[in-house]
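Survey of secondary and tertiary structure
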Amino acid sequence: GGHTKLYYFGDNELKCLCSFCFPASDIAPEVASYSDVAKQIIDLAVFGAARNRSYRRLADFTDTIGNRVSGSQNLEMAIKYMHKAMTQDGLDVHLEPVKIPHWVRGQESAEMILPRAKSLAILGLGSSVGTPPEGIQAQVLVVQSFDELKQRASEATGKIVVFNQPFVSYGETVAYRAFGASEAAKLGAVATLIRSITPFSINSPHTGWQDYQDGVKHIPTACITVEDAELMWRIAQRGQAIIVKLIMGAKTLPDADSFNTVAEIRGWQHPEQVVLLSGHLDSWDVGQGAMDDGGGAMISWEALSLIKDLGLRPRRTLRTVLWTAEEQGGVGAQQYFNLHKVNLSNFDLVMESDLGTFTPVALQFTGSDAAWKVMEEVVKLLAPINTTKLEMHGEGTDISPWMQAGIPGASLHVADSRYFWFHHSEGDTMTVQNPRDMDLCSALWAVVAYVVADLEDMLPR
């Protein structure tokens, strides 16, 4: 009589686990019934025919396309490449058009003129204006914080401000990259050079997006290396004058046309209800964008492949979205949200991997207490790969609009101590990726997505 989940337990005892007989407060037996299918997914990904596959796919993709910054031809090629590859994989694939920023770096260089000649490795920051063609040559003011800049405001006029802020955490220290230019411009600075947001450096500059404040003069801004920021700090501490010449050919072109790339396995019972997996397809214009976020995009494809290869079809639709223009502030994802929020009640769980695909440690989750209880049971299915931990706070630029609207969100917590060593730098290449780690991430991603999409009920809001 409409009871859809009948299971035999020991001694041939028949129990029904449908939501009518078994309210969500005791979801454990229903979730536990997926342990065999979870093991099949894990075996296929980690030991079976799909072993090393997500790594191989990532290598083929990044070696062929290279880096792919918002607005570039490379990003267009990347979208076409993934559309074709996922279609050939037998998934349901389509593109959804969006408009994205188109900033171009151009030629750039920096040189310390005084107290001695030394070239400085730089990377202009996204959305920065350029210098005049002849460049900007000016004396340098070195500060260690926004507070120090304010205390020395009278010294900033006409100077190039160098920020030598210590790295505390990415979340805290990135404010210097994002707002350094406008804070210095308010005090009459002519340019800013910002110590790269990284805990480790081998003279490697790290780029990223920066935000000009409304009504404040736009001045050129770039990141310099940890080593050069500390060098100039030490020289300044000795009371020696520093002069730097900066040349940047950066410019912003009109917005470009792009696409979010969408692949699906349609649900058999509730195709309109969706579990969304995602990573972003764009990267910065340095390195290969293998780690940020080629890996996250590939495991989000791989999860669907694993499920398809096993002939599984969940109740709800599994939808992988490869976002465009994440690096410019989740631009593609925001437009996706605006288009699809009319169906808010049909989104069951949104997942994003954008903090690397190193060894998985836990699943991070944001949702109601009742949903948390369900997810605690779901991660128990990951015992074969020893990642049964659930942590607070799903995170991701691209899924944050959904989470703010009350949709449960999940992200991948990996052993990421090295992530910011390579982040947004020439060092973000296939060399930092490990095939076994990617297999483990793919297995985790696939098990969580499949089980949540197949449970009798959607996650409680």
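Thresholds applied
- Numbering of residues starts from 1 in each chain and follows the order in which that chain's sequence is written.
- For this predicted model, a pLDDT threshold of at least 70 governs which residues receive local features, and a threshold of 80 or more governs which side-chain atom pairs are given and counted, while totals over whole chains, interfaces and linings are taken from all residues.
- Processing note: side-chain calculations cover all non-hydrogen atoms of the structure and skip hydrogens and water entirely.
- Each helix corresponds to a stretch of at least 4 residues labelled H or I by DSSP, and each strand to a stretch of at least 2 residues labelled E; elements are numbered beginning at the N terminus.
- Only protein chains enter the accessibility calculation, which uses a 1.4 Å probe; a residue whose area is less than 20% of its type maximum is buried, one above 50% is exposed, and one in between is partly exposed.
- Contacts were defined at the residue level, with two residues in contact if any of their heavy atoms lie within 4.5 Å.
- In protein, a polar contact means a hydrogen-donor-capable atom and an acceptor-capable atom, both N or O and within 3.5 Å, with residues adjacent in sequence counting only if both atoms are side-chain atoms; elsewhere, any N or O pair within 3.5 Å suffices.
- The definition of a nonpolar core used throughout is a set of buried Ala, Val, Leu, Ile, Met, Phe, Trp, Tyr and Cys residues joined through side-chain atoms within 4.5 Å.
- Marked domain ranges trace back to an automatic or database domain assignment.
- Whenever a carboxyl oxygen of Asp or Glu lies within 4 Å of a side-chain nitrogen of Lys or Arg, that contact is scored as a salt bridge.
- Here the quantity called buried area is the total loss of accessible area, with a 1.4 Å probe, experienced by two parts when brought into contact, counted for both.
- Ten residue types, Ala, Val, Leu, Ile, Met, Phe, Trp, Tyr, Cys and Pro, are classed as nonpolar, four, Asp, Glu, Lys and Arg, as charged, and the remainder, Gly among them, as polar.
- UniProt positions are given in the numbering used here, feature names are shortened, and annotations may be inferred rather than shown by experiment.
- We call two strands paired when DSSP finds no fewer than two bridges between them.
- Each axis is a line fitted through C-alpha atoms, taken for helices only over the stretch in contact, and angles between the N-to-C directions span 0 to 180 degrees.

This next bit is on the environment of Ile-242. Position of Ile-242 among the secondary structure elements: in the loop between helix 7 (226–237) and strand 11 (243–248). The class for Ile-242 is buried, based on a relative accessible area of 1%. Distance from Ile-242 to Phe-358, taken between C-alpha atoms, is 41 Å for residues 116 residues apart in sequence. Discounting residues that sit within four places of it in the chain, Ile-242 has contacts with Met-112, Leu-114, Pro-115, Ala-138, Gln-139, Val-140, Val-142, Met-232, Ile-235 and Ala-236.

What follows deals with the environment of Thr-198. Among the secondary structure elements, Thr-198 is positioned in the loop between strand 9 (191–195) and strand 10 (221–224). Placed 31 residues apart in sequence, Thr-198 and Phe-167 show a C-alpha to C-alpha distance of 6.4 Å. Contacts of Thr-198, omitting those with residues within four sequence positions, involve Phe-167, His-206, Val-226, Phe-420 and Trp-421. A distance of 2.9 Å separates the side chain of Thr-198 from the backbone oxygen of Phe-200, its partner in a polar contact. A polar contact is formed between the side chain of Thr-198 and the backbone oxygen of Phe-420, at a distance of 2.7 Å.

Moving on to the nonpolar core. In this structure, Leu-349 and Val-448 are the most contacted members of the largest nonpolar core, which totals 88 residues. Examining the composition of this core, we find that 14 residues originate from one element, helix 13 (residues 435–454), more than from any other. Here this core spans two domains, and each of domain 1 (27–103 + 254–454) and domain 2 (106–249) adds at least three residues to it. Other than its neighbours up to four places away in sequence, Val-448 contacts Leu-349, Met-351, Leu-363, Met-375, Val-378 and Leu-382.

This paragraph deals with the pattern of salt bridges. Tallied over the full model, the rule gives 21 salt bridges. A salt bridge links Asp-89 to Lys-308; its shortest N-O distance comes to 3.6 Å. You can see Asp-89 sitting in the loop between helix 4 (73–88) and strand 3 (92–104) and its partner Lys-308 sitting in helix 8 (residues 290–309), a full 219 residues away along the chain. The class of Asp-89 is buried, set by a relative accessible area of 13%.

Take the domain arrangement of the protein next. Parsing the protein into structural domains produces domain 1 (27–103 + 254–454) and domain 2 (106–249). Once you take the C-alpha centre of each, domain 1 and domain 2 turn out to be 35 Å apart. By the criterion of area lost to domain 2, the three top residues of domain 1 are Trp-103, Phe-420 and Trp-421, representing 49% of everything that side buries. Taken together, the connections running from domain 1 to domain 2 amount to zero salt bridges. Every element with two or more residues in the side of domain 1 that touches domain 2 is listed here: strand 3 and helix 12 (419–422). It is helix 12 that provides the largest number of residues to the side of domain 1 that touches domain 2, a total of three residues. Each residue belonging to the side of domain 1 that touches domain 2 can be placed in one class, and the counts come to seven nonpolar, four polar and one charged.

Another aspect to go through is the UniProt feature "domain: Peptidase M28" (unreviewed entry) in the protein. The sites that carry the UniProt feature "domain: Peptidase M28" (unreviewed entry) are, in the present numbering, residues 260–446. Helix makes up 34% of residues 260–446 and strand 25%. Its end C-alpha atoms lie 21 Å apart.

The next thing to look at is the sheet that holds strand 5 (residues 118–120). Reading across the sheet, the eight strands line up as 5-4-11-7-8-9-10-6 and stay open at both edges, with mixed pairing between neighbours. Lying at the two open borders of the sheet, with one neighbouring strand each, are strand 5 and strand 6 (122–124). Looking at each pair of strands side by side, their axes are set apart by 30 degrees on average, direction ignored. Note: strand 9 against strand 10, four bridges, orientation parallel.

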